[in-house]
2 protein chains.
Amino acid sequence: MGYFEEKISGKNVFRGRVFSVDLDTVRLSDGEIRPREVVVHRGGVGIVPVTDEGEVLMVRQFRYPVGEELLEIPAGKLEEGENPEECARRELSEETGCTAGKWVDLGKMYPTPGYCGEVLHIFLATDLVYGKMHLDEGELLSVSRVPLETLCKMIADNSLPDAKSVFGILKARDILKD
Amino acid sequence: MGYFEEKISGKNVFRGRVFSVDLDTVRLSDGEIRPREVVVHRGGVGIVPVTDEGEVLMVRQFRYPVGEELLEIPAGKLEEGENPEECARRELSEETGCTAGKWVDLGKMYPTPGYCGEVLHIFLATDLVYGKMHLDEGELLSVSRVPLETLCKMIADNSLPDAKSVFGILKARDILKD
């Protein structure tokens, strides 16, 4: 136990709007020197908004990197200086038009800790009050209400591939059924 | 419904050992032109190996991008020309020394479909036969057997942040309890 990797040197090789890439050299706990390619990302949030009727507000959008339209929980990136809960309230409002009276922290999630530093903070949001959605520029998505039970069946049928959605929905189900 | 993004042009801006990065320009379904930063990754597998005693073989390793030692299901990247099930058998053997008599497909997972094309194929492996582990160079990890029930408690306590592990373990639990 007690593995560790210490940074010896590093350089930035790409700086983008969504993420940047660093090429670091590290020393492993056994003294060996290895290269590490790292996607640097500010992190974000995902929200499981559940209505009083037990439906989840889900967003559908085209995801260019995987070439598919996906059904996902509302989510978004942290803005500079924003904490996860502020970000979750903002993204829920932007993507669904809702505010929530009750928030439960469903924990942090590392999507790909092997090569990316991104942390997603996942929340359950209930006691929803409906308003008007206001999307970011270049964001095309539609919102639908899907019964939590239907989503759990989709997960069991392997037809909901988005990691944060499965993470959030199965955790929310376990909390809501208690 | 029916959102789509069509690639107009693109260029590679980084080519690494683990992933590369493309900067593409796309046309959205409403005609708008937008840039897309994409991490290109070959994809991989994750395996939930469950013993006859209801324990999961978990690996612990330091994950440099998030700066933490993590408890994860065994996993690894697809090699050139390898299909997901071959990769799962190889990675299970390399990381834990086991072979499995029974495999169940737990579906594909997109860790971060917003900016990365990686697909992880997740499997449940049972009827385990034990052998000797043989790790890749520069891979430092230890294997431990953790009761499935303990892992589910860790997930409920928000102390298991690795996305593929939560995805695989909660799906495996639902299958194994039936």
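Residues numbered from 1 in each chain as written. Chains lettered and ligands numbered in written order. Predicted model: local features only at pLDDT ≥ 70, side-chain atom pairs only at ≥ 80, totals over all residues. Heavy atoms only, no water.

**Student:** With reference to specific residues and values, describe the overall build of chain A.
**Tutor:** Looking only at helices and strands, chain A features three helices and ten strands. When the helices and strands of chain A are listed from N to C terminus, the series reads β-β-β-β-β-β-β-α-β-β-β-α-α. Pairs at least 24 residues apart make up 56% of the contacts formed inside chain A by residues separated by at least 6 positions. If you sum the accessible surface of chain A, you get close to 7,800 Å²; carbon and sulfur atoms cover 48% of it. (Helix = DSSP H or I, 4+ residues; strand = E, 2+ residues; numbered from the N terminus. Contact = heavy atoms within 4.5 Å. Areas by Shrake-Rupley, 256 points an atom, 1.4 Å probe, with all protein chains shown as cover.)

**Student:** Explain the relation of the copies chain B and chain A to me, and be specific about the residues and the numbers.
**Tutor:** When chain B is fitted to chain A, the best match, at an RMSD of 0.0 Å, comes from turning it 180° and sliding it 0.0 Å along the axis. On the angle and the small slide along the axis, the relation comes out as a two-fold axis. Among all C-alpha atoms of chain B, that of B:Pro111 lies closest to the rotation axis, at 2.5 Å. (Least-squares fit on C-alpha atoms with pLDDT ≥ 70 in both.)

**Student:** Got a sec to walk through the interface of chain B and chain A? Specific residues and values, please.
**Tutor:** Listed per partner, the contact involves 69 residues of chain B and 69 residues of chain A. Both sides together, the interface formed by chain B and chain A hides about 6,200 Å², and carbon and sulfur atoms give 61% of it. One can count four salt bridges joining chain B with chain A. Of the charged contacts, one joins A:Asp174 and B:Arg173 as a salt bridge, the two residues approaching to 3.3 Å between their closest N and O atoms. Inspection of the chain B/chain A interface yields 30 residue pairs in polar contact (both at pLDDT 80 or more). (Buried area = accessible area lost by both parts, 1.4 Å probe. Salt bridge = Lys/Arg side-chain N within 4 Å of Asp/Glu carboxyl O. Polar contact = N/O pair within 3.5 Å; in protein donor to acceptor, adjacent residues only side chain to side chain.)

**Student:** Which residues make up the domain arrangement of chain A, and what are the values?
**Tutor:** Residues and elements named next belong to chain A. Domain annotation for chain A reports domain 1 (5-41) and domain 2 (44-177). Just the C-alpha atoms count here: the centres of domain 1 and domain 2 sit 30 Å apart. Contacts between the two partners involve five residues from domain 1, matched on the other side by five residues from domain 2. Of the roughly 480 Å² buried at the junction of domain 1 and domain 2 (both faces included), carbon and sulfur atoms supply 60%. Where domain 1 meets domain 2, there are zero salt bridges. A class-by-class count of the residues in the side of domain 1 that touches domain 2 yields three nonpolar, one polar and one charged. (Domains from an automatic or database assignment. Nonpolar A, V, L, I, M, F, W, Y, C, P; charged D, E, K, R; others polar.)

**Student:** Pulling in residues and values, what's your account of the packing of helix H3 (residues 163-176) of chain A against helix H3 (residues 163-176) of chain B?
**Tutor:** In the contact formed by H3(A) and H3(B), the axes pass within 9 Å of each other and the chain directions differ by 50°. Here H3(A) is positioned oblique relative to H3(B), judged by the angle of their axes. For the element pair H3(A) and H3(B), the recorded crossing hand is left-handed. For the pair H3(A) and H3(B), contact is made by A:Ala163, A:Val166, A:Phe167, A:Leu170, A:Arg173 and A:Asp174 and by B:Ala163, B:Val166, B:Phe167, B:Leu170, B:Arg173 and B:Asp174, respectively. Among the residues forming the contact of H3(A) with H3(B), the class breakdown is eight nonpolar, no polar and four charged. (Axes fitted to C-alpha atoms, helices over the stretch in contact; angles between N-to-C directions. Parallel < 35°, antiparallel > 145°, perpendicular 65-115°, else oblique. Left-handed = near helix turned anticlockwise from the far one by under 90°.)

**Student:** Tell me about the sheet that holds strand S8 (residues 99-109) of chain B, and name the residues and values.
**Tutor:** All names here are of chain B. Taken in spatial order, the four strands line up as S7-S4-S9-S8 in an open sheet, and their pairing is mixed. Strand pairing shows two members of the sheet lacking a second neighbour, strand S7 (75-77) and S8, which therefore form its edges. Taken over all neighbouring pairs, the strand axes of this sheet differ in orientation by 25° on average, direction set aside. Looking at chain direction, strand S4 (residues 44-49) and strand S9 (residues 120-129) are connected through six bridges and run parallel. Each bridged residue has a counterpart across the sheet, and for glycine 44 the counterpart in S9 is leucine 120. Against the sheet, H3 engages S4, S7, S8 and S9, with an angle of about 115° to S8. (Pairing = 2+ DSSP bridges.)

**Student:** Could you give an account of a nonpolar patch on the surface, naming the residues involved and the relevant values?
**Tutor:** Residues B:Met133, B:Leu135 and B:Val143 make up a contiguous nonpolar surface patch of roughly 190 Å² in combined accessible area. Within the secondary structure, B:Leu135 sits in the loop between S9 and strand S10 (142-147). (Patch = residues over 30% accessible without salt bridge, like charges linked within 9 Å, V, L, I, M, F, W, Y side chains within 5 Å.)

**Student:** How would you sum up the packing of aromatic side chains? Please name residues and give values.
**Tutor:** Tallied over the full model, the rule gives eight aromatic pairs over all chains. Consider the rings of A:Phe19 and B:Tyr115, whose centres lie 5.4 Å apart with planes at 40°: the pair is tilted. One end of the pair, A:Phe19, is in the loop between strand S1 (5-15) and strand S2 (20-28); the other, B:Tyr115, is in the loop between S8 and S9, on a second chain. The residues A:Phe19 and B:Tyr115 share a single accessibility class, namely buried. Here the aromatic cluster, defined as three or more aromatic residues joined through ring pairs, consists of A:Phe14, A:Phe19 and B:Tyr115. (Phe/Tyr/Trp six-rings, centres within 6.5 Å; stacked < 30°, edge-to-face > 60°. Buried < 20%, exposed > 50% of the residue type's maximum accessible area, 1.4 Å probe, protein only.)

**Student:** Describe the packing of helix H2 (residues 148-156) of chain A against H3(A), naming the residues involved and giving the relevant values.
**Tutor:** All names here are of chain A. With their axes 10 Å apart at the nearest point, H2 and H3 run at an angle of 130° to one another. Regarding the angle of H2 to H3, the classification is oblique. Considering the relative orientation of H2 and H3, their crossing is left-handed. On H3, the residues touching Leu148, Leu151, Cys152 and Ile155 of H2 are Val166, Ile169, Leu170, Arg173 and Leu176. Its residues assigned to classes, the contact of H2 with H3 shows eight nonpolar, no polar and one charged.

**Student:** I'd like a description of the environment of B:Leu176, backed by residues and values.
**Tutor:** Residues and elements named next belong to chain B. In this structure, leucine 176 sits in helix H3. Since its relative accessible area comes to 37%, leucine 176 is described here as partly exposed. With 52 residues separating them along the chain, leucine 176 and leucine 124 place their C-alpha atoms 9.7 Å apart. Leaving out residues up to four positions away in the same chain, leucine 176 has contacts with Val50, Leu124 and Leu148.

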